Amino acid sequence: INDSLVTSTNWPEMLARLNASHSQAFSQGRGSRPHTLLPRRALLCKPVPAHAASTPASSPPAQKKDPFAERTVYNDNFLDLLFIKIYTKKIAAQLDGVYVPDNPTYDDFVRVSKEIMKGRTPEQQKAVVLDVLRTLLPDYATKLFRDLFPPTKSSAELNALFATLGFKWLVGEMERQRGDIKVGPNEVRPQDSIVKIKKCRYLEASGCVGMCTNVCKMPTQAFFTDDFGLPLTMKPNFEDLSCEMIFGQPPEPKENDEAFKQPCFLNNCDIAKERQLAKEGSPCPKLGSRS
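Owing to the predicted nature of the structure, the values given are computational and were not obtained by experimental measurement. (Residues numbered from 1 in each chain as written. Predicted model: local features only at pLDDT ≥ 70, side-chain atom pairs only at ≥ 80, totals over all residues. Heavy atoms only, no water.)

Undergrad: So what about the overall build of the chain? Which residues, and what values?
TA: Within the chain one finds 14 helices and four strands. Sorting the 291 residues of the chain into buried and exposed places 39% on the buried side. About 17700 Å² of surface is accessible on the chain, with carbon and sulfur atoms providing 54% of the total. (Helix = DSSP H or I, 4+ residues; strand = E, 2+ residues; numbered from the N terminus. Buried < 20%, exposed > 50% of the residue type's maximum accessible area, 1.4 Å probe, protein only. Areas by Shrake-Rupley, 256 points an atom, 1.4 Å probe, with all protein chains shown as cover.)

Structure below.
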């Protein structure tokens, strides 16, 4: 039977006629026992075994990938090492008795910045970092920045671009992205002012939720938002160590900030291992008390 004939034939009507004719012939003794006629395609269909139609067993949930399993390797150039040296010595100048070698490495920078947390509350830690950032700039820098970069779309986009060019040594690979920015309580607008940090170098090297939040996120947000007058929100992702710097978007209140609900990294924190904090889901203790 030609396939085009099969598809074009009105099968319900045709079958009804054939079945009626066949039944009549049987009743008159001129035919075999009636049976239902089916189109060719229906005859080719095979019943599905019961076991084949059953729902497949659900696979076990995928385990989360350890973001620290594969360490990123960095090859700092002359400028990178210069910035590392400047920042490390500026931090040490705010502390007492912290050793800094003549040519500090990035590991020295992380070690020295960790000293900021010792014996200080999160607010005191933020204050120390803000003092460090202010000493990096001349006195007139804040006013000049506010004059050059008012809180506009273009200012946010330019500073996002500057961040991708100037801070690779600090946080690793970055790229500027476009997204919907909450510039006000009821105002959202698309801007090219998101800096996507692919895997934060500082968070990977420190392995500490408290250091990320208290020593980086909070003071940096405050520096741009309060000192420079350009709102900045930082959203670290503790699952893959990435981060978003959103220029032009005011930071969330502390009570609404997801970073302050984050548990410790169990494999990188002795406190978490001792207290089983990460397994219980309790926030990192360094987020709300003296370290």
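The structure having been displayed, the exposition proceeds.
Undergrad: Residues and numbers for the environment of Cys208, please.
TA: Secondary-structure assignment places Cys208 in the loop between helix H11 (201-206) and helix H12 (209-227). Judged by its relative accessible area of 9%, Cys208 is buried. Separated by 78 residues in the primary sequence, Cys208 and Lys286 place their C-alpha atoms 9.2 Å from one another. Here Cys208 is in contact with Leu203, Phe265 and Lys286, once residues within four sequence places are set aside. (Contact = heavy atoms within 4.5 Å.)

Undergrad: I'd love a proper account of helix H5 (residues 78-93), names of residues and values included.
TA: With 16 residues, H5 ought to run about 22 Å at 1.5 Å a step, and its terminal C-alpha atoms sit 23 Å apart, in line with that. Listed as buried for H5 are Asp80, Ile84, Tyr87, Thr88, Ile91 and Ala92. All buried residues of H5 lie within an arc of 135° about the axis, which places them on one face of the element. Away from its buried face by more than 90 degrees, H5 exposes Phe78 and Ala93. (Expected span 1.5 Å × (residues − 1). Arc of directions from axis to C-beta.)

Undergrad: Before we move on, could you go through the sheet that holds strand S4 (residues 242-247) and cite the residues and values that matter?
TA: With respect to topology, four strands assemble into an open sheet ordered S1-S2-S4-S3, the strand pairing being antiparallel. Edge positions in the sheet fall to strand S1 (174-184) and strand S3 (232-237), since each has one partner strand and no second. Strand after strand, the sheet turns through a mean of 30° between neighbouring axes, direction not considered. Here six bridges tie S3 to S4, and the two strands are oriented antiparallel to one another. (Pairing = 2+ DSSP bridges. Axes fitted to C-alpha atoms, helices over the stretch in contact; angles between N-to-C directions.)

Undergrad: Which residues make up the side chain of Asp227, and what values do they have?
TA: Inspection of the secondary structure assignment puts Asp227 in helix H12. Overall, the relative accessible area of 14% leaves Asp227 in the buried class. At 2.8 Å, the side chain of Asp227 and the side chain of Arg134 are in polar contact. What Asp227 contacts, discounting residues up to four positions off in sequence, is Arg134, Thr142, Arg146 and Ala222. (Polar contact = N/O pair within 3.5 Å; in protein donor to acceptor, adjacent residues only side chain to side chain.)

Undergrad: Now, about helix H7 (residues 122-135): what can you tell me, with residues and values included?
TA: For H7, with 14 residues, the first-to-last C-alpha span of 20 Å sits near the 20 Å given by 1.5 Å per residue. Those residues of H7 not exposed but buried are Pro122, Gln125, Lys126, Val128, Val129, Leu130, Val132 and Leu133.

Undergrad: Could you give an account of the confidence of the model for the chain, naming the residues involved and the relevant values?
TA: Looking at the chain as a whole, the pLDDT averages 84, with 74% of positions reaching at least 70. Low pLDDT (under 50) marks residues 31-45, which in the prediction has 24 contacts with non-local residues, meaning those over four places away or in another chain. Predicted confidence for residues 50-54 stays below pLDDT 50, and this span has one contact to residues more than four positions away or in other chains. (pLDDT = per-residue confidence, 0-100.)

Undergrad: Any chance you could break down the pattern of salt bridges for me, citing the residues and the numbers?
TA: Evaluation of the coordinates by the stated rule reveals 13 salt bridges. The residue Glu173 makes a salt bridge to Lys168 at a minimum N-O spacing of 3.1 Å. Residue class for Glu173 comes out partly exposed when judged on its relative accessible area of 40%. A relative accessible area of 46% means that Lys168 is categorised as partly exposed. (Salt bridge = Lys/Arg side-chain N within 4 Å of Asp/Glu carboxyl O.)

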